[in-house]
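Structure at a glance
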Amino acid sequence: MNINGLIEYPELLLLILAPIFYVFMIIEWYFVNKETSSISNARYHLPEVLCNFALAAMHQMADLFAGLLIIELYFYFFDWRLFIFDMTWYYFLVLIVAQDFCYYWFHRASHRVRWLWSAHVAHHSSETMNFSTAFRQSLLYPLTGMWFFWLPLVMIGFAPKWVVLSVLLNLGLQFFVHTQAIRSLGWLEWILNTPSHHRVHHGRNPQYIDKNYAGVLIIWDRLFGTFEPENERVLYGITQPISSVNPFIVTFKEWLSMWKEFGSNGLSVKQRLAILCLPPKRHIYVDKKREPQRNSESIRGRADTH
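A quick note: this is a predicted structure, and the numbers were derived from the prediction, not measured. (Residues numbered from 1 in each chain as written. Predicted model: local features only at pLDDT ≥ 70, side-chain atom pairs only at ≥ 80, totals over all residues. Heavy atoms only, no water.)

**Details of a nonpolar patch on the surface**
Nonpolar side chains collect at one region of the surface, where Ile 20, Val 23, Phe 24, Ile 26, Ile 27, Trp 29, Tyr 30 and Phe 31 lie side by side and expose about 780 Å² of accessible area between them. Structurally, the position occupied by Phe 31 is in helix α2 (residues 13-34). (Patch = residues over 30% accessible without salt bridge, like charges linked within 9 Å, V, L, I, M, F, W, Y side chains within 5 Å. Areas by Shrake-Rupley, 256 points an atom, 1.4 Å probe, with all protein chains shown as cover. Salt bridge = Lys/Arg side-chain N within 4 Å of Asp/Glu carboxyl O. Helix = DSSP H or I, 4+ residues; strand = E, 2+ residues; numbered from the N terminus.)

**Quick word on the nonpolar core**
Phe 106, Trp 150 and Val 163 are the most contacted members of the largest nonpolar core, which has 33 residues in total. Filtering out sequence-adjacent residues up to four positions away, Phe 106 remains in contact with Tyr 141, Met 146, Phe 149 and Trp 150. Formed by nine residues, the second largest nonpolar core is a distinct cluster that contains Tyr 44, Val 49, Ala 134 and Phe 175. (Core = buried A, V, L, I, M, F, W, Y, C linked by side-chain atoms within 4.5 Å. Buried < 20%, exposed > 50% of the residue type's maximum accessible area, 1.4 Å probe, protein only. Contact = heavy atoms within 4.5 Å.)

**Digging into the packing of helix α4 (residues 89-112) against helix α8 (residues 160-174)**
At a minimum axis distance of 9 Å, the contact between α4 and α8 shows a crossing angle of 65°. Considering the angle they form, α4 stands roughly perpendicular to α8. Crossing of α4 over α8 shows right-handed handedness. On α8, the residues touching Phe 92, Leu 95, Ile 96, Gln 99, Asp 100 and Tyr 103 of α4 are Trp 162, Val 163, Leu 165, Ser 166, Val 167, Leu 169, Asn 170, Leu 171 and Gln 174. (Axes fitted to C-alpha atoms, helices over the stretch in contact; angles between N-to-C directions. Parallel < 35°, antiparallel > 145°, perpendicular 65-115°, else oblique. Left-handed = near helix turned anticlockwise from the far one by under 90°.)

**Some words on helix α3 (residues 46-78)**
Note on helix geometry: an α-helix contains 3.6 residues per turn, so any two residues three or four positions apart are oriented the same way. Across its 33 residues, α3 extends 44 Å between first and last C-alpha, which sits within 8% of the 48 Å expected from 1.5 Å per residue. Of all the bends in α3, the greatest measures close to 40° and is centred on Gly 67. (Expected span 1.5 Å × (residues − 1). Bend = angle between axes of the 7 residues up to and from the residue.)

**Focus on the pattern of salt bridges**
Taken as a whole, this structure holds seven salt bridges when the rule is applied. Note that Arg 114 and Glu 254 form a salt bridge whose closest N and O atoms lie 2.6 Å from each other. Taken together, the residues span a long stretch of sequence, with Arg 114 in helix α5 (residues 114-124) and Glu 254 in helix α11 (residues 247-262) at a distance of 140 residues. Judged by relative accessible area, Arg 114 falls into the buried class, the value being 3%. Here Arg 183 and Glu 230 are joined by a salt bridge, their closest N and O atoms 3.6 Å apart. Here Glu 230 lies in the loop between α10 (219-224) and α11 and Arg 183 lies in the loop between α8 and α9 (195-201), a separation of 47 residues in the sequence. Through salt bridges with shared partners, a single network forms among Arg 114, Glu 254 and Glu 261.

This is the structure in structure tokens:
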């Protein structure tokens, strides 16, 4: 497929990149699972890998169907755009940076608003970290409103299909930060989101929770005070584990829990809205036995709910 075909059908980008993803997973699997001294939470376990692939397939199908409606909405707002310009390489570069900025705020909101977290929690629920973890996505993203965060780009004047392409390119590049095989990228650590930065993001260690929201550029975290370096060993997962490799349980457990609380008797309208809009319940992970402890000041837990 040439570039014009990709622009016309940007949703195919991740499918085109899939063979590259599979090659990297095979290489990582070979070296990680072969070495007896390798980190246990970097290893590939077949039930979890199958769960990750199933989640990716469900996510892709949901995106394809929802995208038919979302792209029409984008075109509607595109008619009201502020500027008109032809897409050139430098405008595309501006779009890539602007989209990454929008992604930062989407990602941050996905940790601070329970409605959004109820979809994002699926990605963070794994207690391992390898390339297959990148496939661990939720079909609920279109429903919870991920697409809303790219709408300003359309209203500025970037054509909808170029916006979709930039979003998918950003997500595709994020595949490569889901690994423990690369410790540091030197001076690039100051600019780019790297495996080290993203390992922090997936940690349930108290100091790592709600840090390093970057998509491609870590500069946003450095600017807005959410950066945390990787200093101590990362404990992956969420503070109240889902403990299942059933993709439907991984997808819907927090979603259903949220709505169960929302429907509880005796709550005011304000209390019900708070359940949807405030940050997820907060816990501190206290040991390796999966025993979260409530704390009045606390740090947000991922598992009530990277």
